[in-house]
Amino acid sequence: MGRWISTRAVRRAFNRQRHLALAFTAADWPPHPRFVGGADLAFEPGAGQRAGSPGSRAVAVAVVWDRQQRRCVEIAAARRRVRFPYVPGLLSFREAPILLAAIRRLQTPVDVWIFDGHGISHPRGCGLATHLGMLLNQPSVGAAKSRLCGVCATPPSRRGACAPLRYQGRLVGFAVRTEAGQPPLYVSPGFRCTPRQAAKLVLACALRHRLPEPTRLADWSCAQLRGVGAGSVTVDTLQRLVRPDPSRHSFTGREREVVSRHGG
DNA sequence: GCGACAG
DNA sequence: ATCTTGTCGC
Ligand SMILES: [Mg+2]
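Residues numbered from 1 in each chain as written. Chains lettered and ligands numbered in written order. Predicted model: local features only at pLDDT ≥ 70, side-chain atom pairs only at ≥ 80, totals over all residues. Heavy atoms only, no water.

Asker: How would you explain the sheet that holds strand S7 (residues 170-176) if you had to name every residue and give the values?
Answerer: A sheet is described by the order of its strands in space; here 8 strands give the open sequence S3-S2-S1-S4-S5-S8-S7-S6, paired in mixed fashion. At either end of the open sheet lies a strand with only one pairing partner, and these are strand S3 (71-81) and strand S6 (162-167). Across the sheet, the mean angle separating the axes of adjacent strands is 25 degrees when strand polarity is ignored. Pairing analysis gives 3 bridges linking strand S4 (residues 112-115) to strand S5 (residues 140-144), with the strands arranged parallel. Of the residues in S5, the one forming a bridge with Trp113 is Ser140. (Pairing = 2+ DSSP bridges. Helix = DSSP H or I, 4+ residues; strand = E, 2+ residues; numbered from the N terminus. Axes fitted to C-alpha atoms, helices over the stretch in contact; angles between N-to-C directions.)

Given below as structure tokens:
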């Protein structure tokens, strides 16, 4: 199993997180965020190697969701080699570089981000959403499917129900029931955001599914790109599926992007 | 010292 | 996250 990092690397990562956590602030959340960015990735099996193993690759997808039009207005993707193992509490060191590669390819300005993981509801107050928000210097929210640390009650089964998530006595987020009868999401501020603002946004973006649209579309999209050779499935293909054109008469101007190491 | 432990 | 066929239930 994977321990491809030294204890010093782990110690450096811990220190990096503790340092970043000092820079957290809940201020500067936009009043009415319209364009919400989301990103996710899928690990691909390599030549004789299992998906997610050292040297294998992952494909990341970043999308921009327009809350006003209720649709995805842009999608981008990128492939990168996996260079860090999965270690609970160090997820950002594994995923952030890959997610960033896809995010950098977006041209639409994003107001706030939602990421698939925790924000400050983290042992050192610096989960994936916090780390990425700080690297991007933009407001961000973490929407995790399960709890990493802290304690909270089970929210009522109705959609919209919430239960405070506390870690060491501090409010670090909410367990939010985004879909009736389904397990709650663990929502926390990533950067420039309060727990309440984070929960409100995620609930508002979770239209008919458990996951908010930005990360749900990114999750679905990277699964489509997983394992396909560069050229067979293009971003253009995904745009048509995940980004239905209301007018059906216009072109975006960049519809030939291929998801390779450099290509887009 | 013993469990818990995002994706 | 990924490995994987059929199967149980609305
Ligand atoms: Mg994910």
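Asker: Report on the coordination of the magnesium ion, specifying residues and quantitative values.
Answerer: Around the magnesium ion, the protein contributes the donor atoms Asp40 (OD) and Asp116 (OD), at 2.2 to 2.3 Å from the metal centre. Of this pair, Asp40 sits in strand S1 (residues 35-44) while Asp116 is found in the loop between S4 and helix H3 (128-136), placing the two residues 76 residues apart along the sequence. The same class applies to Asp40 as to Asp116, namely buried. (Donors = N, O, S within 2.8 Å, 3.2 Å for Na, K, Ca; no water. Buried < 20%, exposed > 50% of the residue type's maximum accessible area, 1.4 Å probe, protein only.)

Asker: Describe in detail the protein's contact with DNA strand C, supporting the description with residues and values.
Answerer: Taken together, the neighbourhood of DNA strand C is formed by Ala42, Phe43, Pro45, Ala51, Lys145 and Arg226. Those atoms of DNA strand C that come within 4 Å of the protein belong to sugar or phosphate at a rate of 100%. Here Phe43 contributes a backbone N or O atom positioned 3.5 Å from a phosphate oxygen of DNA strand C. Interatomic distance of 2.8 Å between a side-chain N/O atom of Arg226 and a phosphate oxygen of DNA strand C. (Near = heavy atom within 4 Å. Polar contact = N/O pair within 3.5 Å; in protein donor to acceptor, adjacent residues only side chain to side chain.)

Asker: I'd love a proper account of the packing of helix H2 (residues 91-103) against H3, names of residues and values included.
Answerer: Packing of H2 against H3 leaves a shortest axis separation of 10 Å and a crossing angle of 45 degrees. Taken together, the axis directions place H2 and H3 in an arrangement best described as oblique. Note that H2 runs across H3; the crossing there is right-handed. Every residue of H3 that contacts H2 at Leu91, Ser92, Phe93, Glu95, Ala96, Leu99, Leu100 and Ile103 is listed here: Leu128, His131, Leu132, Leu135 and Leu136. Residues that form the contact of H2 with H3 fall into these classes: 10 nonpolar, 2 polar and 1 charged. (Parallel < 35°, antiparallel > 145°, perpendicular 65-115°, else oblique. Left-handed = near helix turned anticlockwise from the far one by under 90°. Contact = heavy atoms within 4.5 Å. Nonpolar A, V, L, I, M, F, W, Y, C, P; charged D, E, K, R; others polar.)

Asker: Got a sec to walk through the nonpolar core? Specific residues and values, please.
Answerer: One finds Leu99, Ile103, Phe115 and Leu132 to be the most contacted residues of the largest nonpolar core, which totals 25 residues. Of all the secondary-structure elements, those providing two or more residues to this core are S1, strand S2 (57-66), S3, H2, S4 and H3. In terms of residue count, the dominant contributor to this core is H2 (7 residues). Sequence-distant contacts of Phe115, that is, excluding residues within four places in its chain, are made with Ala39, Ile103, Ala129, Leu132, Leu136, Ser140, Val141, Gly142, Ala143 and Thr215. Ranked by size, the runner-up nonpolar core spans 18 residues in total, among them Val36, Ala143, Val202 and Cys205. (Core = buried A, V, L, I, M, F, W, Y, C linked by side-chain atoms within 4.5 Å.)

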